[in-house]
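Letter by letter, the chains look like this.
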Amino acid sequence: MKKKLENDEYRSAQQMQKDFMLVMSNCRQFNAPDSDIVKEAQRQTLLRPKLLKEAALKNDLFISEE
């Protein structure tokens, strides 16, 4: 995701959100439920709206109200 942001590959915050959710889903699918990485993914998911909005604004991405 960082590389995509750096390379201006995202056109909207929704595209970035889709990748974020895929990363979190993969994290939960391929790691033990009680692992630190899954716990961190859960924490990040709770912070998602704030993190994505900040990243979108920083990178001049279109934010839809949907």
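Please refer to the structure higher up on the page.
Residues numbered from 1 in each chain as written. Predicted model: local features only at pLDDT ≥ 70, side-chain atom pairs only at ≥ 80, totals over all residues. Heavy atoms only, no water.

1. What to know about helix α3 (residues 36–58)
Its 23 residues place the ends of α3 only 29 Å apart at the C-alpha level, less than the 33 Å of an ideal helix rising 1.5 Å per residue. The largest bend along α3 reaches roughly 65° and is located at Leu47, with the proline Pro49 sitting one to four residues downstream. Buried within α3 are the following residues: Val38, Ala41, Leu52, Ala55 and Ala56. On its buried face, α3 is in contact with α2 (13–29). Downstream of α3 by one or two residues, Asp60 has phi in the positive range, about 55°. (Helix = DSSP H or I, 4+ residues; strand = E, 2+ residues; numbered from the N terminus. Expected span 1.5 Å × (residues − 1). Bend = angle between axes of the 7 residues up to and from the residue. Buried < 20%, exposed > 50% of the residue type's maximum accessible area, 1.4 Å probe, protein only. Contact = heavy atoms within 4.5 Å.)

2. Side note on the environment of Phe20
Looking at the element boundaries, Phe20 is found in helix α2. Sequence separation between Phe20 and Arg48 is 28 residues, and the spatial gap between their C-alpha atoms is 8.5 Å. Residues within four places of Phe20 in sequence aside, it is in contact with Met1, Gln44, Thr45, Arg48 and Leu52.

3. Thoughts on the pattern of salt bridges
A full pass over the atoms with the stated rule returns two salt bridges. Notably, a salt bridge pairs Lys4 with Asp19, separated by 2.8 Å at the nearest N-O pair. Separated by 15 residues along the polypeptide, Lys4 in helix α1 (residues 2–6) and Asp19 in helix α2 bring together distant segments of the chain. Asp19 sits in the buried class, given a relative accessible area of 18%. Salt-bridge contacts for Glu40 lead to Arg43; the nearest nitrogen and oxygen are separated by 2.9 Å. (Salt bridge = Lys/Arg side-chain N within 4 Å of Asp/Glu carboxyl O.)

Purely spatial values, then, with no claim about function.
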